[in-house]
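Chain by chain, the residues run as shown.
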Amino acid sequence: MSTPRFLTLPPGVRPISIDTAAGTFAALEALPVSGVPERWPALMVPGLTGSKEDFISVLQTLAQSGRRVIAVDMRGQFETSGPEDPAAYTCAALGNDVDLLAQTVRRDEPLHLVGHSFGGLVTREAVIDGRTKFASYTLMSSGPGAIIGPRERFGRAMLTELPEFGMEHLWHHRMEPEALAAGVPDEIVAFLRKRLFSNSPTGMATMTRQVLSAPDRCDDLAQVGVATLVLYGEHDDGWPPHLQAEMAHRLDAECVVVPGAAHSPAVEAPETTAAALIRFWNAAEARLLS
């Protein structure tokens with residue numbers, strides 16, 4: 001569970017709604033505090049139990065590099081509503097949402113795309129389908145296929161418990177104890193509870209099945225030829241670091257290991273993560289403009 005360290009929006013960051021053919025998406029928009037965006041925009045997509053707030057710590061820094069940066073809630077996630085139809089929450093369906101969001105956000109400019117954890121499995125669908133030409137693509141703490149290890153076990157337990165016991169059980173027996181054991185402040189714990197209970201149960205269950213069964217699509221992604229960055233924490237407890245490093249090699253992608261971070265480098269090491277993204281984005285723009 002990605003846990004923001006704070007919720008107060010920094011200068012230049014504001015909540016917005018983005019209207020698309022697939023519906024309206026809740027988002028956070030970050031703009032330079034002074035001046036106008038001169039570089040290409042970026043779209044950031046969170047993980048399964050996360051939300052747009054997972055990127056709060058990096059949004060201002062990223063925007064100050066001279067670009068508009070958008071972080072979204074996926075369909076059925078926190079402040080974005082979604083239907084009670086499992087078909088709406090497959091990687092392919094959510095990837096279509098990313099295409100529509102990208103085409104709205106980009107405003108005729110190339111767009112940088114970032115997917116965190118399960119958001120990486122979703123965003124790669126949009127990259128592979130080729131309907132949107134991205135300036136660059138970043139897989140943040142994501143992997144080549146189905147998740148393994150401790151988070152796989154958590155996902156399988158959630159699939160067993162959620163239909164029978166509901167969100168209350170998931171919160172009181174898993175997520176709240178984890179947050180309290182980590183010393184998370186009360187106001188952040190309250191936010192985590194509100195976020196969980198705002199999610200579509202159908203969406204959570206379907207997305208969990210997707211992350212547990214996702215196929216390896218590295219070969220398909222490699223054929224697209226978009227500049228790709230694989231970024232993860234050195235202590236990642238999602239997809240193992242060695243598996244993400246191997247994925248970077250298969251994709252001929254740049255690879256950045258964030259010291260001291262685990263599965264949520266944008267939260268755990270925001271300045272290091274933001275600096276790596278800015279450098280990667282600037283280099284991608286320089287290559288495409290040369």
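Going by the structure above, here's the rest.
First, a word on what this report is: a plain description of the structure on this page. Everything numeric in this text was worked out from a predicted model, so none of it was measured. Position labels on residues start from 1 in each chain and follow its written sequence. With pLDDT at 70 or above as the cut-off, local features in this predicted model cover only qualifying residues; side-chain atom pairs require 80 or more to be listed or tallied, and sums for whole chains, interfaces and linings still use all residues. Values reported for side chains reflect all heavy atoms of the structure, with hydrogen atoms and water molecules removed beforehand.

### Some details on the pairing of strand β8 (residues 254–258)
Alright, step 1. Here, a strand pair is defined by DSSP locating no fewer than two bridges between the strands. Numbered from the N terminus, helices here are DSSP runs of H or I no shorter than four residues, and strands are runs of E no shorter than two. Pairing of strand β7 (residues 228–233) with β8 involves 5 bridges; the strand directions are parallel. Note on β8: the bridge partner recorded for Leu 229 is Glu 254.
Alright, step 2. Handedness of the crossover joining β7 and β8 through helix α8 (residues 241–251) is recorded here as right-handed. The handedness of a crossover follows from its direction of travel: if, with the strands pointing away from the viewer, the path from the first strand over the helix to the second runs clockwise, the crossover is right-handed.

### A few points about the packing of aromatic side chains
Alright, step 1. The pairing test for Phe, Tyr and Trp rings, Trp by its six-membered ring, is centres within 6.5 Å, and the orientation test on the planes gives stacked under 30 degrees, edge-to-face over 60, and tilted for anything in between. Under the defined criterion, the tally for this structure stands at 1 aromatic pair.
Alright, step 2. Here, a charge over a ring is recorded when the distance from Lys NZ or Arg CZ to the ring centre is within 6 Å and its angle to the ring normal is within 35 degrees. The ring of Phe 197 has Arg 193 sitting right over it, with the charged end atom 4.4 Å from the ring centre.

### Some points on helix α4 (residues 150–181)
Alright, step 1. The end-to-end C-alpha distance of α4 is 17 Å, clearly below the 46 Å that 32 residues give at a rise of 1.5 Å each.
Alright, step 2. Considering bend angle alone, the principal kink of α4 is centred on Phe 165 and spans about 125°.
Alright, step 3. Three exposure classes are used, based on accessible area relative to the maximum for each residue type with a 1.4 Å probe and protein chains only: buried under 20%, partly exposed in between, and exposed over 50%. Those residues of α4 that sit buried are Gly 155, Ala 157, Met 158, Glu 161, Leu 162, Met 167, His 169, Leu 170, Trp 171, Met 175 and Ala 179.
Alright, step 4. The contact rule is simple, with two residues in contact once any of their heavy atoms fall within 4.5 Å. Contact partners of the buried residues in α4: α5 (186–198) and α6 (201–213).
Alright, step 5. Residue Gly 183 follows α4 closely and has a positive phi angle near 75°. One less than the number of residues in a helix, times 1.5 Å, gives the span that helix is expected to have. Think of it this way: the bend at a residue is just the angle between two axes, each fitted to seven residues, one set ending at that residue and the other starting at it.

### Some points on unusual backbone geometry
Alright, step 1. Although it is not a glycine, Phe 78 sits at a positive phi angle of roughly 50°.
Alright, step 2. By secondary structure assignment, the location of Phe 78 is in the loop between β4 (69–72) and α2 (91–105).

### Quick look at the nonpolar core
Alright, step 1. Among buried residues, those of type Ala, Val, Leu, Ile, Met, Phe, Trp, Tyr and Cys that are joined through side-chain atoms within 4.5 Å constitute a nonpolar core. Counting residues in each nonpolar core, the largest one holds 62 residues, and the members touching the most others are Leu 43 and Phe 118.
Alright, step 2. If one sorts the elements of this core by residue count, α4 sits on top with 7 residues.
Alright, step 3. When near neighbours in sequence (up to four residues on either side) are disregarded, Phe 118 contacts Gly 47, Leu 48, Met 74, Cys 91, Leu 94, Met 207, Gln 210, Val 211 and Trp 239.
Alright, step 4. The next biggest cluster of nonpolar side chains, apart from the first, holds 28 residues, and it includes Phe 55, Val 58, Leu 59 and Val 114.

### Observations concerning the pattern of salt bridges
For side chains of opposite charge, pairing can occur when their charged atoms come near one another.
Alright, step 1. Each reported salt bridge corresponds to a side-chain nitrogen of Lys or Arg within 4 Å of a carboxyl oxygen of Asp or Glu. All told, the structure shown has 20 salt bridges when counted by the stated rule.
Alright, step 2. For the salt bridge of Arg 14 with Glu 29, the shortest nitrogen-to-oxygen distance reads 2.7 Å. Remark: Glu 29 occurs in strand β2 (residues 23–30) and Arg 14 occurs in strand β1 (residues 13–20); sequence separation between them is 15 residues.
Alright, step 3. Using a relative accessible area of 3% as the deciding quantity, one classes Glu 29 as buried.
Alright, step 4. Across the salt bridge formed by Asp 220 and Arg 217, the nearest N and O atoms sit 3.1 Å from each other.
Alright, step 5. Through salt bridges with shared partners, one network takes in Lys 52, Glu 53, Asp 73 and Glu 79.

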